[in-house]
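Read off the chains here:
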Amino acid sequence: MRIYIVLKEDIIKFPPVQSLLRILAGLNMEVYHVGSFSDAEGKADLKKMGVNFIEAPYYDIHAGKLTKLRSQFSFKRFVKSYLGRQNLDKDDLIWLIQTETIYLLGSLAKRYNVLLHPLEFKVPKVGLRYRLLSPTINLKAVYRNASKIVCCEYNRAHITKGLFSLDTLPYILPNKPYIDERALQNVPEKIAAEVDSYCSKWRGRKAILYQGIFYSNERKLEEFCEAINLLPEEFVLLAMGSGDSSYDELKRRYESARVIFLPFIKPPYHLLVTQAAHIGVLSYFPLPKDYGSVINPIYCAPNKIFEYSKYGKPMVSNDIPGLHYIFREYGCGECISYPITASKIADAILKIDASYAAYSSGALSLYESEDMVARVKDIIGL
């Protein structure tokens, strides 16, 4: 059985895809990635595990509209031509990742054994750009022709089932990272020194950590920055990652000895900071843009909850269904009711800190609750 993982964008931005490749390679599958991976070190490691890389035309998300259109057309043409030369057996699996990849290549489901893995939820309406690239696409038919469908969490699986009149519920594959422990045990000297210099800024104090993407509207952190002044001096806030201009704006407004900004640290080495933290922060706010911009944040499936929980770090978040019920089931964190205020955040942090051992135990239970290898084996029928 050959498995072809296809994604039109660089997988350096998609840790769940890198995790999937590691899992499949660990299961001794003949696995191919068709697309781009700009991390030379990560690519070399996956090659050592047996992953085959097929370089496809590069899609630059920062390019102009016409360039994007051309590159997507080239990607579509390349993938179809490449797969057409592989003499695929009926058991060979084409795993299409991301909704936009499905728009481009969904027609393959008529001819091959195709799995759809849309990642984020998108309104099931193909926009003009993809209509130009796939003029005959019938999205409902694509989903019904697919052999399997995978969603990242339970609620979105039910929404997908309802929207496309599916006979069965899609498989669920959480965004739990499949972490390379060897890398964390053999940290390059330069990165180790860099992380140590960061940690020295708060060593001996309790770090409240936000790690990930900074989006000005969806990932609000202002109140978290302000809450630190309502907490005892032993607490500091760490903001680590990258994103839009909101990172620079937050840094300009709030950076201090107690609000510390860290740059993006290449995975998995960012987990060295996670290990040194006390409590993890999650922040997901729906946007009044379209249904997808509401559904994705409120039913979030963040890999961060597993990165925090791997090290027994309790969590604090705004109140959304995707985290509310997880925190309730495992006792691993606190959701803050609306309206979000610095005072409520400070109270939640102090509540967690007062019963830290219990929350930490709950976080570890959350991490152990998901067996990603078993999930993938179920999906591919092993």
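Here, the structure is the one placed above.
Below: a short report on this structure.

Quick notes on the rules
Residues numbered from 1 in each chain as written. Predicted model: local features only at pLDDT ≥ 70, side-chain atom pairs only at ≥ 80, totals over all residues. Heavy atoms only, no water. Pairing = 2+ DSSP bridges. Helix = DSSP H or I, 4+ residues; strand = E, 2+ residues; numbered from the N terminus. Axes fitted to C-alpha atoms, helices over the stretch in contact; angles between N-to-C directions. Contact = heavy atoms within 4.5 Å. Disulfide = S-S within 2.5 Å. Buried < 20%, exposed > 50% of the residue type's maximum accessible area, 1.4 Å probe, protein only. Arc of directions from axis to C-beta. Polar contact = N/O pair within 3.5 Å; in protein donor to acceptor, adjacent residues only side chain to side chain. Salt bridge = Lys/Arg side-chain N within 4 Å of Asp/Glu carboxyl O.

## Some remarks on the sheet that holds strand β13 (residues 333-336)
Right, on to step 1. Read across the open sheet, the 6 strands follow the order β10-β9-β8-β11-β12-β13; overall the sheet is parallel. Looking at the sheet topology across the chains shown, the edges are occupied by β10 (259-262) and β13. Here the strands of the sheet are splayed against their neighbours by 20 degrees on average, with no regard to which way each runs.
Right, on to step 2. Where strand β8 (residues 206-214) meets strand β9 (residues 235-243), 9 bridges bridge the pair, whose relative direction is parallel. Residue I208 lies in a different strand from β9, and its bridge partner there is L237.

## Overview of the environment of L20
Right, on to step 1. Assignment of secondary structure puts L20 in helix α1 (residues 15-26).
Right, on to step 2. With 276 residues separating them in the primary sequence, L20 and N296 have C-alpha atoms 21 Å apart.
Right, on to step 3. With residues up to four places along the chain from it excluded, the contact list for L20 reads I5, W95, I97, L173 and V376.

## Concerning the state of the cysteines
Right, on to step 1. A complete count under the given rule lists 0 disulfides for this structure.
Right, on to step 2. With no disulfide of its own, C151 lies closest to C152 among cysteine sulfurs, the gap being 6.9 Å.
Right, on to step 3. No disulfide involves C199; its sulfur sits 19 Å from that of C225, the nearest cysteine.

## Quick word on the sheet that holds strand β3 (residues 52-55)
Right, on to step 1. The strand order across the open sheet formed by 7 strands is β3-β2-β1-β4-β5-β6-β7, and the pairing between neighbours is parallel. One side of each edge strand has no neighbouring strand; the edge strands of this open sheet are β3 and β7 (171-172).
Right, on to step 2. Set on the sheet, helix α7 (residues 154-163) makes contact with β6 (148-151) and β7; between it and β6 the angle comes to about 140 degrees.

## Quick notes on helix α2 (residues 40-49)
Right, on to step 1. Residues of α2 that are buried include every one of G42, K43 and L46, and no others. The buried residues of α2 all sit within an arc of 100 degrees when viewed along its axis, so they share a single face. In α2, those exposed residues whose orientation departs by more than 90 degrees from the buried face are A40 and K48.
Right, on to step 2. A side-chain oxygen of the first residue of α2 lies 3.2 Å from the backbone nitrogen of E41; this N-cap is D39.
Right, on to step 3. Just downstream of α2 lies G50, where phi reads positive at about 110 degrees.

## A closer look at the environment of N155
Right, on to step 1. With respect to the helices, strands and loops of the structure, N155 is situated in helix α7.
Right, on to step 2. A C-alpha to C-alpha distance of 9.7 Å links N155 and I172, two positions 17 residues apart in sequence.

## Quick look at the pattern of salt bridges
A side chain of one charge can pair with a side chain of the opposite charge if their charged atoms are brought near each other.
Right, on to step 1. Applying the stated criterion across every chain, the model contains 19 salt bridges.
Right, on to step 2. Where D39 meets K266, a salt bridge forms, and the shortest distance between an N and an O atom there is 3.2 Å. Here the residue D39 occupies a position in the loop between β2 (30-35) and α2, and K266 occupies one in the loop between β10 and α12 (271-276), the gap between them amounting to 227 residues.
Right, on to step 3. The exposure class of K266 is partly exposed, given its relative accessible area of 27%.
Right, on to step 4. Here the salt bridges do not stand alone but share partners, grouping K8, E9 and K13 into one network.

## Let's talk about unusual backbone geometry
Right, on to step 1. The omega angle of the peptide bond from P267 to P268 is 0 degrees, so this bond is cis rather than trans.
Right, on to step 2. By secondary structure assignment, the location of P268 is in the loop between β10 and α12.
Right, on to step 3. Cis geometry is adopted by the peptide bond preceding P339, which originates at Y338 and carries an omega value of -5 degrees.
Right, on to step 4. Unlike most non-glycine residues, Q98 shows phi in positive territory, near 90 degrees.
Right, on to step 5. Structurally, Q98 is set in the loop between β4 (93-97) and α4 (99-105).
Right, on to step 6. The buried category is assigned to Q98, whose relative accessible area is 10%.
Right, on to step 7. At L119, a position not held by glycine, the phi torsion is positive, near 65 degrees.
Right, on to step 8. With respect to the helices and strands, the residue L119 is situated in the loop between β5 (113-117) and α5 (128-133).

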